[in-house]
Amino acid sequence: MPVHLPYVELYKNSCLLVLSNDLLLHLIRKTAVRVQIISSARGFENEKVVATIGSFDGVHRGHRMVVESLKNAAAQCGGKSAVITLSPHPAVVLHPDRQVFLLSTLEEKSELLAATGIDYMVVLPFTKQLAQTTYSDFVREYLVNKLHISKLLVGYDNKMGHNGEGRFTEIEQFAVRIGLEVEQLSLLPGSDIPVSSTAIRGKLAEGDVIAAADMLGYQYGLTGKVVHGNNIGTTIGYPTANLQPDANKFIPRRGVYIISAIVGGHSYPGMLNIGMRPTIAGAAGSQTIEAHLFGYSGNLYGTNLTIKFVDRLRDERQFSSIDELKKQLRTDAERALSLCANINA
């Protein structure tokens, strides 16, 4: 039976296990030449695998602590490590009437997880049917009978099954009966406040990209296609790349930010505005994301650009004239270049 494998290209030299909606398993290895199906329909039946499961939105410091524990547990038993993640995010399925904004796209999540050195990533399609599954059925049918995992690591606040009814105590008691070893992990050491995707989104909503980066363990970024705008930036001396990120990507609070971007293998500092451009006549409409890269003069239209948030400069505001806007942009540019120089010193 042919199965669509949309996530194959996300790994370079790692393994990717895709669990299709009909529970058929496909173990995929991306080689330099082509994609090979190594095994199918057998899960990890022939090897010892320690796994953990979660949305892993943003793959933040708390997630990476879980992954390190996962890798250590796998090494101790001479097995392999596997992260089981869900796609789409459960909130998309459970609350279809809401717009869900996430820290990472599936591709970004895959790249971040691959960088941690795990052996496998399992993408489990999240459906309404799966949401109705009890924790005991999920553990028995998916984790044991289909995936054949040897041990499950559970995060300190993880809940599993319909309505989150499966807390660690219930999961542990059930797992013992079916021969699955489970272990619960603790909070991130030295942290009084749990590092969570929700907390990070809260910081980004405040425009505090430094605090968000501290919890993530890396600078938050946006990737999107550069689309045509109205070229106002060019006419006032600050040409911009108009970024169009994924529709479900979380966008920080409106305002002006210091950013960095990689173009053609070279890093460029820059500044970026998220907002409605209130000073520009006729600009009322949808929110725009416009990046100006210092020292770059090429054409980015139609390309995908990734920017990283370094710091926040100010709120977006309306100026009395274009000349006043240009004056403020010069001040913004001086501050941005100064701060970037200090960071790189």
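Each chain carries its own residue numbering, running from 1 in the direction its sequence is written. Where local features are concerned, this predicted model is filtered to residues with pLDDT of at least 70; where side-chain atom pairs are given and counted, the filter is 80 or more; whole-chain, interface and lining totals use all residues. Heavy atoms from the whole structure form the basis of all side-chain values; hydrogens and water molecules are not counted.

Trainee: So what exactly am I meant to see when it comes to the packing of helix α5 (residues 135-146) against helix α6 (residues 168-178) here?
Mentor: Each packed pair of helices is defined by two parameters, the angle between the axes and the distance between the axes. At a minimum axis separation of 10 Å, α5 and α6 run at an interaxial angle of 50°. Here α5 lies oblique to α6, going by the angle between them. Classified by chirality, the crossing of α6 by α5 is right-handed. Two secondary-structure elements touch here, α5 through Tyr135, Ser136, Val139, Arg140 and Val144 and α6 through Glu170, Ile171, Phe174 and Ile178. The nonpolar class holds Ala, Val, Leu, Ile, Met, Phe, Trp, Tyr, Cys and Pro. Asp, Glu, Lys and Arg form the charged class, and all remaining residues, Gly among them, are polar. A per-class count over the contact of α5 with α6 returns six nonpolar, one polar and two charged. Structural elements are reduced to axes, namely lines fitted to C-alpha atoms, with helices fitted over the stretch in contact, and the angle between N-to-C directions of any two is expressed from 0 to 180 degrees. Segments assigned H or I by DSSP are reported as helices when at least four residues long, segments assigned E as strands when at least two residues long, and all are numbered from the N terminus. For this classification, under 35 degrees means roughly parallel, over 145 means roughly antiparallel, 65 to 115 means roughly perpendicular, and everything else is oblique. A crossing counts as left-handed when the near helix is turned anticlockwise from the far one by less than a right angle, and as right-handed when that turn is clockwise. The criterion used for residue contact is that any of the two residues' heavy atoms lie within 4.5 Å.

Trainee: Looking at this structure, how should I read unusual backbone geometry?
Mentor: Glycine aside, negative phi is the norm for most residues, and most peptide bonds take the trans geometry. Pro88 follows Ser87 through a cis peptide bond whose omega is 0°. When you line up the elements, Pro88 lands in the loop between β5 (80-87) and α2 (90-94). Phi is positive for Phe56, which is not a glycine, with a value near 55°. Topologically, Phe56 is positioned in the loop between β4 (49-53) and α1 (61-76).

Trainee: Sorry, what's going on with the confidence of the model for the chain here?
Mentor: As a note on interpretation, predicted positions should not be read in detail where pLDDT is low. Per-chain confidence: the chain averages 82 in pLDDT, with 83% of residues scoring 70 or above. A residue's pLDDT is the predictor's confidence in that residue, given on a scale from 0 to 100. For the chain, strand β3 (residues 35-40) is the element with the lowest average pLDDT, namely 38, and helix α8 (residues 209-216) is the one with the highest, namely 97. Every residue in residues 19-41 is under pLDDT 50, and counting partners more than four places away or in other chains gives 66 contacts.

Trainee: Please clarify how empty space enclosed by the protein should be interpreted in this entry.
Mentor: The probe, sized like a water molecule, is rolled over the atoms to show the empty space still left. We place a 1 Å grid over just the protein atoms. Points where a 1.4 Å probe fits but has no way out form a cavity, open points with protein on both sides within 12 Å along at least 5 of 7 lines form a pocket, and any residue with an atom within 4 Å of a point lines it. Grid points are joined across faces, edges and corners, and a volume is the space filled by probe spheres set on the points. As enumerated under the stated definition, the model contains two cavities of 30 Å³ or more in all. Of the volumes computed, that of the largest cavity is approximately 350 Å³. Surrounding the largest cavity, 23 residues form its lining, Asn273, Arg277, Glu290, Leu325 and Leu329 being those nearest its centre. Of all the secondary structure elements, the ones that give two or more residues to the lining of the largest cavity are α9 (232-235), β12 (266-275), β13 (288-293) and α10 (322-344). Residues that form the lining of the largest cavity fall into these classes: twelve nonpolar, six polar and five charged.

Trainee: Is there a simple way to explain α1 in this structure?
Mentor: Every α-helix carries 3.6 residues per turn, so stepping three or four residues along brings you back to the same face. A helix is expected to reach a length of 1.5 Å times the quantity of its residues less one. Spanning 16 residues, α1 covers 23 Å between terminal C-alpha atoms, matching the ideal 22 Å at 1.5 Å per step. The complete set of buried residues in α1 reads Gly62, His63, Met65, Val66, Val67, Leu70, Ala73 and Ala74. Buried residues along α1 sit against β4, β5, α3 (106-115), β7 (151-154) and α7 (197-206). In the stretch just after α1, Gly78 is the one whose phi turns positive, near 70°. The buried label goes to any residue with under 20% of its type's maximum accessible area, the exposed label to any with over 50%, and the partly exposed label to all in between, with areas taken from a 1.4 Å probe on protein chains only.

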